[in-house]
Amino acid sequence: NYKVYPQIVAGDGFTVALKSDGTVWAWGSDAYGQIGQNTTVQAENMYQSPKKVEFSFTKVITDPAEETTEGAYIKKIAAGDHHVLALDSNGHVYAWGSNENGQLGIADKDTMYSSTPLRIGLIRDNNGNITSDIFEGIVIKDIIAGPESSYVIDGVVESVALNMNRNDRNQKIY
């Protein structure tokens, strides 16, 4: 019972498709990990045919009321120049690709890219264990990707910028 409208979005030299079954496929340039194949990022990486993007739907242990991740699927995608956002059926957002300007919305300032989808808003300790979720209790309704920026809409706040490494452009960050 998926409620997914197929989509195709494009960035700078790559394309991402969302099928009606909730799966995501990507092809083209993978110079920043935007194809989502968990590979070492190299400028010459190019995928001529679509590759399925795998998601690890993460249930946050700190929130016992959180919906199960069983049966979760992607229902919307958005692309910037070199990064991709995906919104799942539980209202969680995943991001991958370039993070040079913090567009992945992750708190790790040393991570310049991710070649796998990361659930945004999760704070981890030095051992990689999830300690909190900055979006706990908030269900994201929509996602928007600019060339080097990302936004989520929760139905209450108009929009929240995700650029967590850099805020020299006066984005509203929560």
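1. What about the environment of Gly146?
Tracing the backbone shows Gly146 in strand β11 (residues 142-146). Residue class for Gly146 comes out buried when judged on its relative accessible area of 14%. On a C-alpha basis, the gap between Gly146 and His82 in space is 10.0 Å, while along the polypeptide they are 64 residues apart.

2. Topic: the pairing of strand β3 (residues 24-29)
With five bridges connecting them, strand β2 (residues 14-18) and β3 associate as antiparallel partners. Paired with Thr15 across the bridge in β3 is Trp27. Counting the residues in the hairpin turn of β2 and β3 gives five residues, including Gly22, whose phi is positive at 85°. Bridging between β3 and strand β4 (residues 46-53) involves five bridges; their strand directions are antiparallel. Within β4, the position partnered with Ser29 by the bridge is Met46.

3. A few points about the sheet that holds strand β1 (residues 7-10)
If you walk across this open sheet you meet the four strands as β1-β2-β3-β4, and the pairing is antiparallel. Each of the sheet's edge strands pairs with one partner strand only, and the pair in question is β1 and β4. Across the sheet, the mean angle separating the axes of adjacent strands is 15° when strand polarity is ignored.

4. Quick look at the pattern of salt bridges
Counting across every chain of the model gives one salt bridge. Lys76 is the partner of Asp142 in a salt bridge, and the nearest nitrogen-oxygen pair spans 2.4 Å. In this pair, Asp142 sits in strand β11 while Lys76 sits in strand β5 (residues 74-79), placing the two residues 66 residues apart along the sequence. Judged by relative accessible area, Lys76 falls into the partly exposed class, the value being 25%.

5. Quick look at the nonpolar core
By size, the foremost hydrophobic cluster in this structure holds 19 residues, and its most contacted members are Val16, Val24, Phe55, Ile74, Ile77 and Trp96. At the level of elements, β2, β3, β4, β5, β6 (83-88) and β7 (93-98) are the ones that each hand at least two residues to this core. By size, the runner-up hydrophobic cluster in this structure holds 13 residues, among which are Ala78, Leu87, Val93 and Phe135.

Cut-offs applied
Residues numbered from 1 in each chain as written. Predicted model: local features only at pLDDT ≥ 70, side-chain atom pairs only at ≥ 80, totals over all residues. Heavy atoms only, no water. Helix = DSSP H or I, 4+ residues; strand = E, 2+ residues; numbered from the N terminus. Buried < 20%, exposed > 50% of the residue type's maximum accessible area, 1.4 Å probe, protein only. Pairing = 2+ DSSP bridges. Axes fitted to C-alpha atoms, helices over the stretch in contact; angles between N-to-C directions. Salt bridge = Lys/Arg side-chain N within 4 Å of Asp/Glu carboxyl O. Core = buried A, V, L, I, M, F, W, Y, C linked by side-chain atoms within 4.5 Å.

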